[in-house]
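So you can see what is in the structure, the chains are spelled out below.
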Amino acid sequence: MEKIIVIFFSVVLINNFVLSRFLGLCPFLGVSRESGAALSMGLAVTFVMTMASIVTWFFYYFFLVPYQLEFLQTIVFILVIATFVQFVEMVMAKTSPALQEALGIYLPLITTNCAVLGVSLLNVREGYSLIETTVNGFGGGLGFTVAILLMANIRERLEFCDIPECMKGFPISFIVTSMLAFSFFGFQGFFSK
Amino acid sequence: MGMGSDSVILISIIVLGGIGLLCGILLMVASKFFSVAIDERVGELITMLPGANCGVCGFAGCAQYAKNLISGQSPANSCKVVDQEKSMAIAAFIGVKNEGIVKEVAVLRCQGGDGVVPRSADYTGLKTCRAAALFFGGDKACSYGCLGYGDCVKVCPFQAISRGENGLVVINAAKCVGCGLCVKECPKEMLLLLPSTSEVYVACLSKDRGKKVTQVCKKGCIACRKCEKACPVQAIVVEDNLAKIDFLKCTNCGLCGEACPTESIGRRY
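Residues numbered from 1 in each chain as written. Chains lettered and ligands numbered in written order. Predicted model: local features only at pLDDT ≥ 70, side-chain atom pairs only at ≥ 80, totals over all residues.

(A) Broad picture of the overall build of chain A. Broken down by element type, chain A carries eight helices and zero strands. Going from N to C terminus, chain A has its helices and strands arranged as α-α-α-α-α-α-α-α. The burial tally for chain A puts 36% of its 193 residues in the buried class. (Helix = DSSP H or I, 4+ residues; strand = E, 2+ residues; numbered from the N terminus. Buried ≥ 20, exposed ≤ 12 C-beta atoms within 10 Å, placed from the backbone.)

(B) Representation of the overall build of chain B in the model. Looking only at helices and strands, chain B has ten helices and eight strands in total. A total of 269 residues make up chain B; the buried ones form 30% of that total. Expressed as a percentage of contacts within chain B between residues at least 6 apart in sequence, the contacts between residues at least 24 apart total 56%. (Contact = placed C-beta atoms within 7 Å.)

(C) Region of the structure containing the nonpolar core. Counting 63 residues, the largest nonpolar core has Val107, Leu108, Cys110, Ile171, Leu191, Val202 and Cys221 of chain B as the members making the most contacts within it. Only helix H3 (62-70), strand S1 (104-108), helix H5 (129-134), strand S3 (169-171), strand S4 (191-195), strand S5 (200-202), helix H8 (210-216) and strand S7 (242-245) of chain B provide two or more residues apiece to this core. When sequence neighbours within four positions are dropped, the list of residues in contact with Val107 of chain B reads Ile171, Leu191, Leu192, Leu194, Tyr201, Gly266 and Arg268 of chain B. Ile81, Val116, Leu122 and Ile148 of chain A belong to the second-largest nonpolar core, a separate cluster that totals 38 residues. (Core = buried A, V, L, I, M, F, W, Y, C linked by C-beta atoms within 7 Å.)

(D) Molecular detail of unusual backbone geometry. Residues and elements named next belong to chain B. One non-glycine residue, Asp240, adopts positive backbone phi at about 50°. Since 9 C-beta atoms lie within 10 Å of it, Asp240 is described here as exposed. The backbone of Glu263 shows a phi angle near 55°, a positive value even though the residue is not glycine. Tracing the chain through its elements places Glu263 in the loop between helix H10 (255-259) and strand S8 (265-267).

(E) Geometry of the interface of chain B and chain A. Taken together, the 16 residues of chain B in the interface contact 18 residues of chain A. A per-class count over the side of chain B that touches chain A returns twelve nonpolar, three polar and one charged. (Nonpolar A, V, L, I, M, F, W, Y, C, P; charged D, E, K, R; others polar.)

(F) Fine view of helix H1 (residues 5-33) of chain B. Taking 1.5 Å of rise per residue, 29 residues should cover 42 Å, and H1 of chain B covers 42 Å from first to last C-alpha, within 8% of that figure. Burial analysis of H1 of chain B places just zero of its 29 residues in the buried class, a small minority of the element. (Expected span 1.5 Å × (residues − 1).)

(G) Quick look at the pairing of S7 of chain B. Residues and elements named next belong to chain B. Two strands pair when backbone bridges link them, and strand S6 (residues 236-239) and S7 are joined in this way by four bridges, in the antiparallel orientation. Each bridged residue has a counterpart across the sheet, and for Val237 the counterpart in S7 is Lys244. Two successive antiparallel strands, S6 and S7, enclose a turn made up of two residues, where Asp240 displays a positive phi of approximately 50°. (Pairing = 2+ DSSP bridges.)

Now the structure itself:
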């Protein structure tokens, strides 16, 4: 139990996927213009990361490990995650059009996102159990949501600031991102003995 | 590894190929089971719409509007961006009668640019009209005039408005489709949607008395009523120290503009 709590908080705050590992930066900067869309993106990422962690865990331990094919993990994970997201989108379109309307446009964007692939690869590298894997995937998505929501709120305020022409848009966003990352470095060493 | 390199390659191919095949079959089955019937007309309708996603029709974008058109939840003339011909084509496509659309073009009801109206304050706050207007109505000496910080420029989805050199905004009538987003955005209500059949409009909003207007602006309406007398069809009247044109009566003759001593009646070409 203690290990699960440590995993959860470490992936949300200390090893935040966006701000500490610098994964998933494209949706982070692409969809952080307004907080509503950022929240939808965050939820979509959380869902996909959690489910992708679970699915890839099964594929890793039931298909790759028995045949000693661990070196195929990257290509297999990409294949499996892409299929899975496609599948979920189809199910969503049929069963819940409202949900599809809200999250649908974000799902294809994160199909082969590096944060999603990254969480799957980290899970097997750390040798997590299924429960730990699930917690790591969910926490990773939650950390992403926290980061993108913070960013969206800052960017909404930046809209009203007098920024030099050459710094408008992405340049200032990257500078803000680095400052956010700095502040998250404050969590570093939280759980060390 | 206990296996020979040949068998490793073979097993890799089999496992990866197998997973690929599995995924393919899964998606194939899923696309059969979870297929959603999409009305083909929606796609065709989307190609007929402008694709600007301006939201004037009241829906989130052209695709949403197309869906609501097909399901009959929207009148066929909600889109203001398409021209009369296209609008008729859309109505015919979904099989309803079109009530027709009135094309409109936005015009700026102010001529008080730099050199005409002085700035009354040195405003250094946020460079938006909305923020500037909060400080005693803005930094223009005329409290009715265009502030020129370009809130309308930013909101226009068709790039029809630009900031002119004289501190006012300029509307490109050829690009303007009359969506009216700028009209809603402007804190001073400077912009007016002029029916495309009308050409003459009053380019001033000042309700101050003539003497006060002349103190701050050379091109403002001073309510002298010369236009009223000049108009052969009584389409222009002065109310609250400001001339007003009834577009239903106006014949675009332009006599009011010739009579106006301050050139405060504009003409759209």
